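# Observations on chain architecture
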Amino acid sequence: MTFSAGFGSHEDGHVAVCYSQDGKRIISGGTEGDVKIYSGVNSTEDPEQTFFADAFNVSLIKQWEENLVAASEGWSLQKWGFPEGNKSGFLGKFSGNVTHFSLNFDKDKILVGSAEFIMKITDLASEEQSTIKGHSAPILRTAFGKQFFASSSCDGTLKVWDAKSRECLKTFDIYPKSNDVDLSKVRGAIQFDSYENLIVAKENEVVLYSSGDWSEKKTIKSDDMNSILELELSYCKRYLVIGCKDGTILIWDLHTYSCVNKMKCVSVPSSIATHPSEYKMLVGDLRGKWRECDPYVTSEMISSAPKTEASLKTNTQNGVEKYLDVEAEDFEDWGDDEDQDFTNMDRDEDDIKAVASRNAAIINDDDDDSNEPSILEMAKLPERPTTPEIIKQEPVVAAEPEPVYVGPELQEAFQVSSSPDHLKYRYLVWNEIGTITSREEDDSSYINIEFHDSTTHHPLHMVNSEDYILGSMSKQAYALANSGSETKSKNSKILVNIFSSWSASKEWTVNLPKEESAVLLSVSNTLLCVVSDLNYVRTWSLGGLQRHVISLPGDPVTLSTHNDLISVAHYSGTTLSFSLYDTKKPRLIHTGPLPVTPSSSLSWIGFTEGALPLVFDSEGVLRALLPHANLMWVPLADLRVGKRNLSDTYWVVSATDEAIKCVLCKGVTYPGLSPRPMLSIVPHTVPLCDAGSERTSLEQNRVLNFVKTYSLNKLNTFHKECRAETMEKEEVTLLLKLMALAIKNNKDFKAFELAKMMPTKQSLEMATRYASKTGRVMLAQKINDVLRKYEEVST
């Protein structure tokens, strides 16, 4: 009952998954728009088929017969042939994105919801369409039964509709309202069970509504339910799979209303799909991967579950043969007859006798044992009512498994400001100097190097014959590296080109020792740094002189350099750590745990022009390490405040003492190559309280002014003196403005605190004169006492 390893090579972000109708193939779709078909979870080969969905962000995918349908960012629902992947038409066009779709019980109609507030039902045989209106906001989810269909919406309502007349039968006002699917606090997941009872996921509970009168039948609650994202029924419709935002997966028995299994996914589940004939399920996550759980329900769970009347009245294919020990094919005709209804099935005793006689050898009924019920008595199950009666019985909770400690998932190594190496079109690096990009076309790979300042160097174009996957550039040089071969028969190679060199030999290469591969690469104006899979940090001078080999205490995560400084994020055990080295001395300046926002990962590290170390996490928080303040980490910016959509991310290119240069990626994690995205410059906004007020704005400027003082140590003497004088004037101006606000609000004690922070005698005299001018005699006297002590110390 564990998950398999992560499969798939999609970009980071939402992954949609499903099984094929026969359960033999697995289909996945990702944010980059690729749809991939796998022969099974045990296959370690590439997918047997891959094609582009004509739009990005594949959010839902389903397959039946020879059809494959996927909902993506486009304004239509497209259909492909399966498994060839050839486009075969549209199942609905809208003026907004398709948000969800579902098939009816007979799989001859499809219900499609959109962001333009409407739904469309398409007859798959005749391709006739009908439009359903009634919601006043984008559609969240849809569910299609045999006699009814349902829809949840951002307008806060859940509506139940008649499948024939298309009339709304019931409206529930149960969700928080929003104006966009991405901004909704709930997913609005809904399902119909085999009785056509409606199963509805609220934020932290699941509610069952009775078919027909739609009254509340049962509420399922658990402390483990936290922000429910997904609902999915098992193939027998008995077990309900519940996926939560914290990665918890719960399996509930709908007959006993008890939780029979609980699992933990390594990431937030983005989609869940159950196997059409076995107790298996697929879980897609937000990291571009999918995993399979086999099985999620075991025979021990089934045998330990209490046998209630409701559990005996299960559907034919999963119930009768279980208690009669009869093969499922003997009952196939019960479900294939279009005129029969599972909810009102008249069991013919003659048919049951015939089945029993054909299986007499298996059952081996003993007529002499009067205490045992006969096979006919066992087979005569009561008819299933249209709305089953609820058996009031205390649920039997399955025994909790032995707790097993599972450590945190370690973050894989990544190159700063680059996109994943499995992409055909990717950035090897994008920083303040320029970009290095890689393109794969017609079995060939090319590398393009461009500079933001054309006077630095002209653009370069080369064939990537060495399969370089790592890249870095500075004002003096660029560097490329490959990982060698998977069999280690070919060494990892590093190429350095010093385009600012006056020498004729501008380029040099070096191979790492065998059994060692380059994982991270960075080049500065004075050195080259490579981190290998043996946790070695190797450094060279820009001309090629080997300088140092440093051992890291754990697996590397990412790397950055600035002149002679090296910053490395790595693991110490399971703790994410940060080390700062000075290769000129050489010495270790700092090492210790790296602070990131809870439930986030590291996204970028780098330096300002003044050599101030910076880190940026996936939640959008930028932090700085202040060497002049006893190596203290301070937050400089929190970009979560400015985000409009939860799915948007910031891809950092570089940062200065005052702002972050980044790309706003809407709905994806990495920017595309063409067209080249626009850079955004986001000023630092220290996360202080009472944001937006004049006082907080001044206090924020003081904090940033203090951070900038570290850059003074990296400037020459002339510029250092000029900059120090300017910053001192800024500090005095900010303190006087804050003091004036405090006096205005009758906060003399706070004004006195600010006066004591004045850095010079002249500024203290200015504070004294201002206090006297505003009539604060006592305050002026206190500041004058501070001035007198200052003069005594100076003399």
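Residues numbered from 1 in each chain as written. Predicted model: local features only at pLDDT ≥ 70, side-chain atom pairs only at ≥ 80, totals over all residues. Heavy atoms only, no water.

What follows concerns the overall build of the protein chain. The number of helices and strands found in the protein chain is twelve helices and 50 strands. Taken across its 795 residues, the protein chain has 51% of its residues classed as buried. Long-range contacts, defined as pairs at least 24 residues apart, comprise 44% of the intrachain contacts of the protein chain with a sequence gap of at least 6. (Helix = DSSP H or I, 4+ residues; strand = E, 2+ residues; numbered from the N terminus. Buried < 20%, exposed > 50% of the residue type's maximum accessible area, 1.4 Å probe, protein only. Contact = heavy atoms within 4.5 Å.)

Moving on, we get to the pattern of salt bridges. Throughout the structure, instances matching the rule amount to 22 salt bridges. Note that R640 and D638 form a salt bridge whose closest N and O atoms lie 2.8 Å from each other. Between R702 and E731 there is a salt bridge, and its shortest N-O distance comes to 2.9 Å. Pair noted here: R702 is in helix α8 (residues 694-708) and E731 is in helix α9 (residues 717-744), with a separation of 29 residues, a long-range link. (Salt bridge = Lys/Arg side-chain N within 4 Å of Asp/Glu carboxyl O.)

All right, on to the packing of helix α10 (residues 748-756) against helix α12 (residues 777-794) then. Put simply, α10 and α12 touch, their axes get as near as 10 Å, and they point 20° apart. With respect to their mutual orientation, α10 and α12 come out roughly parallel. α12 is crossed by α10, and the crossing has right-handed handedness. Here D748, A751, F752, A755 and K756 of α10 come into contact with α12, specifically with L779, K782, I783 and V786. Partitioned by chemical class, the residues of the contact of α10 with α12 number six nonpolar, no polar and three charged. (Axes fitted to C-alpha atoms, helices over the stretch in contact; angles between N-to-C directions. Parallel < 35°, antiparallel > 145°, perpendicular 65-115°, else oblique. Left-handed = near helix turned anticlockwise from the far one by under 90°. Nonpolar A, V, L, I, M, F, W, Y, C, P; charged D, E, K, R; others polar.)

Right, let's get into unusual backbone geometry. Here the bond from K585 into P586 is cis, since omega is -10°, no more than 30 degrees from zero. Phi angles above zero are rare outside glycine, and K107 is one such case at about 55°. Residue placement: K107 occurs in the loop between β9 (98-103) and β10 (109-114). Its relative accessible area of 39% is what places K107 among the partly exposed residues. The residue F117 is not glycine, and still its phi comes out positive at about 80°. Along the chain, F117 turns up in the loop between β10 and β11 (119-123).

Bringing the sheet that holds strand β50 (residues 680-683) into the picture now. Reading across from one edge, β48-β49-β50 is the order of the three strands in this open sheet, with antiparallel pairing throughout. Lying at the two open borders of the sheet, with one neighbouring strand each, are β48 (649-655) and β50. Here the average twist between neighbouring strands, direction ignored, is 40°. (Pairing = 2+ DSSP bridges.)

With that settled, the discussion passes to the side chain of K159. Among the structural elements, K159 can be located in strand β15 (residues 157-162). We note that K159 is buried and unpaired, the nearest opposite charge coming from D155 at a distance of 6.0 Å. At a separation of 3.2 Å, a polar atom in the side chain of K159 contacts the side chain of T171. (Lys, Arg positive; Asp, Glu negative; His and termini not counted. Polar contact = N/O pair within 3.5 Å; in protein donor to acceptor, adjacent residues only side chain to side chain.)

Counted according to the given criterion, the structure contains 13 aromatic pairs. Judged by centre distance (5.9 Å) and plane angle (5°), the ring pair of F149 and W161 falls under stacked. Placement of F149 in strand β14 (residues 148-153) and of W161 in strand β15 is noted, with a sequence separation of twelve residues between them. The burial state of F149 is the same as that of W161; both residues are buried. Taking the centre distance of 5.2 Å and the plane angle of 80° together, the rings of F451 and F499 count as edge-to-face. Of this pair, F451 sits in strand β30 (residues 444-451) while F499 sits in the loop between β34 (493-497) and β35 (507-511); the two residues are 48 residues apart in sequence, bridging distant segments of the chain. Assessed through its relative accessible area of 10%, F451 is described here as buried. By way of ring pairs, the aromatic residues Y235, Y239, Y279 and Y296 are connected into one cluster. When the ring centre of F172 is taken as reference, the NZ or CZ atom of K170 above it lies at 5.7 Å. If you follow K218 out to its NZ or CZ, it ends over the ring of Y257, 5.0 Å from the centre. (Phe/Tyr/Trp six-rings, centres within 6.5 Å; stacked < 30°, edge-to-face > 60°. Lys NZ or Arg CZ within 6 Å of the ring centre and 35° of its normal.)

Across the five residues that make up β34, a large majority, four, are buried. In this structure, strand β33 (residues 478-481) lies alongside β34, joined through four bridges in antiparallel fashion. When the sheet's bridge partners are listed, A481 is paired in β34 with I494. Note: β34 against β35, five bridges, orientation antiparallel. Counted as the bridge partner of I494 is V510 from β35.

With respect to the helices and strands, K280 occurs in the loop between β25 (269-274) and β26 (281-285). In contact with K280, other than residues within four places in its own chain, are Y19, A273, T274, H275, E292, C293, D294 and Y296.

Packing of helix α11 (residues 761-773) against α12 brings their axes to within 8 Å, and their N-to-C directions diverge by 165°. As the angle between them shows, α11 and α12 are arranged roughly antiparallel. In this structure, α11 crosses over α12, and the sense of that crossing is left-handed. Contacts from K761, L764, E765, A767, T768, A771 and S772 in α11 reach L779, A780, I783, N784, V786, L787, Y790 and E791 in α12. When the residues that make up the contact of α11 with α12 are grouped by side-chain class, the tally is nine nonpolar, three polar and three charged.

What follows deals with α8. Taking 1.5 Å per residue as the helical rise, α8 with its 15 residues ought to reach 21 Å, and the 21 Å between its terminal C-alpha atoms agrees with that figure. Among all positions of α8, only T696, L698, Q700, L704, N705, V707 and K708 are buried. (Expected span 1.5 Å × (residues − 1).)

Neighbouring strands of a sheet are bound in pairs by backbone hydrogen bonds; such pairs are parallel or else antiparallel. Taken together, three strands build an open sheet; the order of strands is β25-β26-β27 and the sheet is antiparallel. Only two strands of the sheet have a single partner each, and these edge strands are β25 and β27 (290-293). Within the sheet, the average angular offset between the axes of one strand and its neighbour, ignoring direction, is 20°. The pairing of β26 with β27 spans four bridges and is classified as antiparallel. Across the sheet, the residue bridging to G284 is W290, located in β27.

Regular strands have side chains that alternate between both faces of the sheet. Bridge analysis of strand β19 (residues 205-209) against strand β20 (residues 216-221) gives five bridges, and the strand direction is antiparallel. What sits directly across from E205, in β20, is K221. In textbook terms, the turn of a hairpin is the stretch between consecutive antiparallel strands, and for β19 and β20 this stretch comprises six residues, one of which, G212, has a positive phi near 105°.

Here L734 lies in helix α9. Each C-alpha atom of the pair L734 and S697 lies 9.9 Å from the other, and the pair is 37 residues apart in sequence. Not counting the four nearest positions on each side in its chain, L734 is found in contact with L698, N701 and R702.

Per-residue confidence for the protein chain gives a mean pLDDT of 80, with 79% of residues at or over 70. Counting interchain partners and residues more than four positions distant, the pLDDT-below-50 stretch residues 306-393 has 102 contacts. (pLDDT = per-residue confidence, 0-100.)

As a further point, take the environment of E466. Relative to the helices and strands, E466 resides in the loop between β31 (460-463) and β32 (470-473). Distance in space between the C-alpha atoms of E466 and L480 is 9.7 Å, their sequence separation being 14 residues.

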